[in-house]
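Next come the chains, spelled out residue by residue.
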Amino acid sequence: MTKYACIDTGTNSIRLMLCEFDGTTFANVSKKLDMTRLGKGVNETHKLSEDRMEASLIAIETFYNHALDFGAEACFIMATSAVRDSENAHVFKDKIKERTGLQLDVISGDLEAEVGFLGVLLGISEPQKNLLVIDIGGGSTELIIGNHEGIIKSVSLNIGAVRLTDLYIVN
């Protein structure tokens, strides 16, 4: 089995998954989470703030070191809504590259929906008829209808927990 690491850079949290994978089966899966709120304020300013970037960079560096300690043969890092929507995403990407050597992949809402759906399918032991998967994130929500043959319809909406909190909750 090959050892992999994946760092998911979301609007609300940074997640790490370490696993062994043989092409069909996952083994020795472990997960870690750090709530950095990278997307706080992005809806208003269209920029990632310096303090939220720094908190996220620290989490990413820590998770990257966990991946190295685990012996991961490949480490993937992706970002979703907050980075996708920010005008200064290049600054964040450059800092990640500088600190870890990793190239941040900013994925589209459509790809985010597909990845989420495939993750659900991997967790289901028996094929189902059509499924509705709702992935509520910090900056976006993906709705996906599909089955073991693939996605029938999906949509990514700019509605997420951090985005709505920033818009409607006043401190």
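For the structure, check the block above.
A brief structural summary. Remember, predicted model here, so these are calculated numbers, not experimental data.

Some remarks on helix α6 (residues 161-168)
Burial in α6 covers these residues: V162, R163 and D166. Down the axis, α6 shows its buried residues gathered within 100° of arc, on one side only. On its buried face, α6 sits against α1 (42-45) and α3 (81-85).

Digging into helix α2 (residues 50-70)
With 21 residues, α2 should reach 30 Å at 1.5 Å per residue; the first-to-last C-alpha distance of 30 Å fits that figure. Listed as buried for α2 are M53, S56, L57, A59, I60, F63, Y64, A67 and F70. Two residues or fewer past α2, G71 is found with a positive phi of approximately 90°.

Some thoughts on the sheet that holds strand β2 (residues 14-21)
Reading across from one edge, β3-β2-β1-β4-β5 is the order of the five strands in this open sheet, with mixed pairing throughout. Lying at the two open borders of the sheet, with one neighbouring strand each, are β3 (26-34) and β5 (105-106). Here seven bridges tie β2 to β3, and the two strands are oriented antiparallel to one another. Looking across to β3, one finds that E20 is bridged to A27. Together, β1 (2-9), β2, β3 and β4 (74-79) form the strand contacts of α2, whose direction differs from that of β2 by roughly 15°.

Some thoughts on the nonpolar core
In terms of nonpolar packing, the biggest core is built from 26 residues, with I7, L48, V83, F92 and I96 touching the most fellow members. Those elements that place two or more of their residues in this core are β1, β2, α2, β4, α3 and α4 (89-100). At eight residues, the largest contribution of residues to this core is made by α2. Apart from residues no more than four positions distant in its own chain, F92 is found in contact with T9, L38, L48, M53, S56, L57, I60, V83 and L104. If you look at the next biggest cluster of nonpolar residues, it comprises five residues, including A113, F117, L131 and V133.

Here we look at the pairing of strand β6 (residues 131-136)
Alignment of β6 against strand β7 (residues 141-147), held across six bridges, turns out to be antiparallel. If you follow L131 over to β7, its bridge partner there is G146. Between β6 and β7, which pair antiparallel one after the other, the connecting turn spans four residues.

Let's talk about the packing of aromatic side chains
If you walk through the whole model with that rule in mind, you get two aromatic pairs. Taking 6.3 Å as the distance between ring centres and 25° as the angle between the ring planes, the aromatic pair formed by Y4 and F76 counts as stacked. Within this pair, whereas Y4 is found in strand β1, its partner F76 is found in strand β4, the two being separated by 72 residues in sequence. On the accessibility criterion, Y4 (27% relative accessible area) is partly exposed.

A closer look at the side chain of T100
Residue position: T100 is located in helix α4. A polar contact is formed between the side chain of T100 and the backbone oxygen of I96, at a distance of 2.7 Å. Within the structure, T100 has its side chain in polar contact with the backbone nitrogen of L102 (distance 3.0 Å). Excluding residues that lie within four positions of it along the chain, T100 makes contacts with I60, E61 and Y64.

Quick look at the pairing of β2
Where β1 meets β2, eight bridges bridge the pair, whose relative direction is antiparallel. Across the sheet, the residue bridging to C6 is M17, located in β2. In this structure, the hairpin formed by β1 and β2 is closed by a connection of four residues. Between the antiparallel neighbours β2 and β3 lie four residues, among them G23 with a positive phi of about 105°.

Conventions used here
Residues numbered from 1 in each chain as written. Predicted model: local features only at pLDDT ≥ 70, side-chain atom pairs only at ≥ 80, totals over all residues. Heavy atoms only, no water. Buried < 20%, exposed > 50% of the residue type's maximum accessible area, 1.4 Å probe, protein only. Helix = DSSP H or I, 4+ residues; strand = E, 2+ residues; numbered from the N terminus. Arc of directions from axis to C-beta. Contact = heavy atoms within 4.5 Å. Expected span 1.5 Å × (residues − 1). Pairing = 2+ DSSP bridges. Axes fitted to C-alpha atoms, helices over the stretch in contact; angles between N-to-C directions. Core = buried A, V, L, I, M, F, W, Y, C linked by side-chain atoms within 4.5 Å. Phe/Tyr/Trp six-rings, centres within 6.5 Å; stacked < 30°, edge-to-face > 60°. Polar contact = N/O pair within 3.5 Å; in protein donor to acceptor, adjacent residues only side chain to side chain.

Note that all results are geometric; they support no functional claim without further evidence.
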